[in-house]
Amino acid sequence: MFIGHFAPAFVAAASYSRGPKLATYFVAAQLVDWGFFILAMAGVEKMRIDPGATVMVPFDLHHIPYTHSLLGAGIWALVFGIVVAIWHRDSLAGLLSASVVASHWVLDWITHRPDLTLTGGGEAYGLGLWNHPEIAMPLEIGIVLAAFLFYIRRSRGPVVQPLILLLVMLVFQAINWFGPQPSEAGIMLYLQALLSFGVLTGLAMWVGKNRYFTQRGGLAAASL
């Protein structure tokens, strides 16, 4: 899953207006992948290209204990949540941010083949939805569009910036699905992934600066 990871970011940003802006949640959504690609460049975590790994994605993630184990992802979520809570002096903002980080493991569990562990070793888990593109593709687009519309409906501001963000997300996803597959895992692949995360986060920052919230009950409240 790629842009589907950002669906919880849209929902979190729209649910509590006194929390972080959209860009912070975008970082949270892909935080463990930021960590993975940085650790992969350092040789700490490892992947290789295997065309037979799944129908949709040729990544064999054979050593990812620090970012994609349930324990590892939980630690990333806890640390990020604490940082956000302290920075914003708001425990609910921290909890929402931590939840977005943790959602990454859940979404990966749905799509990955069994390569996710609970503590970094032992039995691996994954439902393998990447082997069923007829389900995985519409599901990913569907949850992103639903979350995007939820964010737009609960906020006010110019519509052009959010549409540009959505368009770029869809273009990146199309390249991910239909573009040429990498022949080997290496620094260029890792940098390309980090660059795509950075571009989307930068656009999310642009969008977040131009959206405001109105009182609608529940978690949403007037911006301060």
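Our structure's up above, just so we're on the same page.
Treat the numbers as computed from the prediction; the structure is a model and nothing was measured. (Residues numbered from 1 in each chain as written. Predicted model: local features only at pLDDT ≥ 70, side-chain atom pairs only at ≥ 80, totals over all residues. Heavy atoms only, no water.)

A. Structural detail: unusual backbone geometry. Despite not being glycine, Arg 89 shows a phi value in the positive range, around 50°. Under the relative-accessibility criterion, Arg 89 is labelled exposed at 80%. (Buried < 20%, exposed > 50% of the residue type's maximum accessible area, 1.4 Å probe, protein only.)

B. Structural view of helix α5 (residues 91-111). With 21 residues, α5 extends 31 Å from end C-alpha to end C-alpha; this agrees with the ideal 30 Å at 1.5 Å per step. The N-terminus of α5 is capped by Asp 90, whose side-chain oxygen sits 3.0 Å from the backbone nitrogen of Leu 92. (Helix = DSSP H or I, 4+ residues; strand = E, 2+ residues; numbered from the N terminus. Expected span 1.5 Å × (residues − 1). Polar contact = N/O pair within 3.5 Å; in protein donor to acceptor, adjacent residues only side chain to side chain.)

C. Spatial organisation of a nonpolar patch on the surface. On the surface, Ile 38, Met 41, Ile 187, Met 188 and Leu 191 cluster together into a nonpolar patch covering about 490 Å² of accessible area. Counting only elements with at least two residues in the nonpolar patch, the list comes to α3 (31-41) and α8 (187-208). Along the chain, Ile 187 turns up in helix α8. (Patch = residues over 30% accessible without salt bridge, like charges linked within 9 Å, V, L, I, M, F, W, Y side chains within 5 Å. Areas by Shrake-Rupley, 256 points an atom, 1.4 Å probe, with all protein chains shown as cover. Salt bridge = Lys/Arg side-chain N within 4 Å of Asp/Glu carboxyl O.)

D. Focus on the packing of aromatic side chains. Per the stated rule, a full pass over the model turns up eleven aromatic pairs. With a centroid separation of 6.1 Å and an interplanar angle of 55°, the aromatic rings of Phe 37 and Phe 197 are classed as tilted. In this pair, Phe 37 sits in helix α3 while Phe 197 sits in helix α8, placing the two residues 160 residues apart along the sequence. Each member of the pair, Phe 37 together with Phe 197, is buried. (Phe/Tyr/Trp six-rings, centres within 6.5 Å; stacked < 30°, edge-to-face > 60°.)

E. How the structure looks around the environment of Leu 39. Here Leu 39 lies in helix α3. With 27 residues separating them along the chain, Leu 39 and Tyr 66 place their C-alpha atoms 8.9 Å apart.

F. The arrangement of the pattern of salt bridges in detail. Applying the stated rule across the entire model yields two salt bridges. The partner of Arg 48 in a salt bridge is Asp 60, with the nearest N and O atoms 2.6 Å apart. With Arg 48 in strand β1 (residues 46-49) and Asp 60 in strand β2 (residues 59-63), this residue pair connects regions lying twelve residues apart in the sequence. Classification of Arg 48 by relative accessible area gives partly exposed; the value is 44%. Residue classification places Asp 60 among the buried positions, given a relative accessible area of 9%.

G. Seen up close, the packing of helix α1 (residues 7-15) against helix α6 (residues 133-153). Contact geometry for α1 and α6: axes closest at 8 Å, N-to-C directions at 15°. Here α6 runs roughly parallel to α1, going by the angle between their axes. As α1 runs across α6, the sense of the crossing is left-handed. Along its contact with α1, which presents Ala 7, Phe 10, Val 11, Ala 13, Ala 14 and Ser 15, the element α6 presents Ile 143, Val 144, Ala 147, Phe 148, Phe 150 and Tyr 151. Looking at the contact of α1 with α6 residue by residue, the class counts come to eleven nonpolar, one polar and no charged. (Axes fitted to C-alpha atoms, helices over the stretch in contact; angles between N-to-C directions. Parallel < 35°, antiparallel > 145°, perpendicular 65-115°, else oblique. Left-handed = near helix turned anticlockwise from the far one by under 90°. Contact = heavy atoms within 4.5 Å. Nonpolar A, V, L, I, M, F, W, Y, C, P; charged D, E, K, R; others polar.)

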